[in-house]
Amino acid sequence: MEQPQDHSEASELVARALVPYTERPSGLDVARLVDDLITCGEQLRALVATVPRGELSPRGSGALTDWAYAVAAGPYGSNPNSNWNYARALARVVQGMVRALDQHRATSAL
């Protein structure tokens, strides 16, 4: 399975999304962040999906389930924080997929 050596783009997006609410970006920046998280998350989902089921950690399996739900459901509600909360939820799932890939890489290297 081909995997990037680091997940710097994903880490940067997660860091941008998981700042305190007082540091929330503008609505336009949140929309761009959501788009970027979905693009990055889809790439990670494709990588996680290549891990054989017997080797996929519960974290990886859960991340795939969470990703499918989050992308299908989209933001919840129409208040000013809806898209921001959605970005934060996507970021947490992206973070879970990165951790699952790192864990798989570490255990398969043993």
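So, a few notes on the structure that sits alongside this text. This one's a predicted model, so the numbers in the text were calculated from it and none came from an experiment.

## Description of the side chain of arginine 88
Among the structural elements, arginine 88 can be located in helix 4 (residues 82–108). Look at arginine 88: it is buried, it has no salt bridge, and the nearest opposite charge is glutamate 23 at 8.9 Å.

## Topic: the environment of arginine 59
Here arginine 59 is to be found in helix 3 (residues 58–73). On the basis of relative accessible area, arginine 59 is assigned to the partly exposed category, the value being 43%. Once the C-alpha coordinates of arginine 59 and alanine 70 are considered, the two residues, 11 residues apart in sequence, prove to be 16 Å apart. For arginine 59, the contacting residues outside a window of four places in its chain are Gly96, Arg99 and Ala100.

## A short note on the packing of helix 1 (residues 8–17) against helix 2 (residues 27–49)
Following both chains from N to C, one finds helix 1 and helix 2 inclined at 140°, their axes separated by 10 Å at the closest point. Relative to helix 2, helix 1 is oriented so that their crossing is left-handed. Of the residues in helix 2, those touching helix 1 at Glu9, Ala10, Leu13, Arg16 and Ala17 are Leu33, Asp36, Leu37, Cys40, Gln43 and Leu44. Within the contact of helix 1 with helix 2, the residues separate by chemical class into seven nonpolar, one polar and three charged.

## What about the packing of helix 2 against helix 4?
Geometry of a packed helix pair, given as the angle between the helix axes and the separation of the axes. Between helix 2 and helix 4, the shortest axis-to-axis distance is 9 Å and the interhelical angle comes to 25°. Classified by the angle their axes make, helix 2 and helix 4 are roughly parallel. The two elements helix 2 and helix 4 cross, and the hand of that crossing is left-handed. For the pair helix 2 and helix 4, contact is made by Val30, Ala31, Leu33, Val34, Leu37, Ile38, Gly41, Leu44, Arg45, Leu47 and Val48 and by Asn83, Trp84, Tyr86, Ala87, Leu90, Ala91, Val94, Met97, Val98 and Leu101, respectively. Counted by class, the contact of helix 2 with helix 4 contains 18 nonpolar, two polar and one charged residues.

Conventions and cut-offs
- Residues numbered from 1 in each chain as written.
- Predicted model: local features only at pLDDT ≥ 70, side-chain atom pairs only at ≥ 80, totals over all residues.
- Heavy atoms only, no water.
- Helix = DSSP H or I, 4+ residues; strand = E, 2+ residues; numbered from the N terminus.
- Buried < 20%, exposed > 50% of the residue type's maximum accessible area, 1.4 Å probe, protein only.
- Lys, Arg positive; Asp, Glu negative; His and termini not counted.
- Salt bridge = Lys/Arg side-chain N within 4 Å of Asp/Glu carboxyl O.
- Contact = heavy atoms within 4.5 Å.
- Axes fitted to C-alpha atoms, helices over the stretch in contact; angles between N-to-C directions.
- Left-handed = near helix turned anticlockwise from the far one by under 90°.
- Nonpolar A, V, L, I, M, F, W, Y, C, P; charged D, E, K, R; others polar.
- Parallel < 35°, antiparallel > 145°, perpendicular 65-115°, else oblique.

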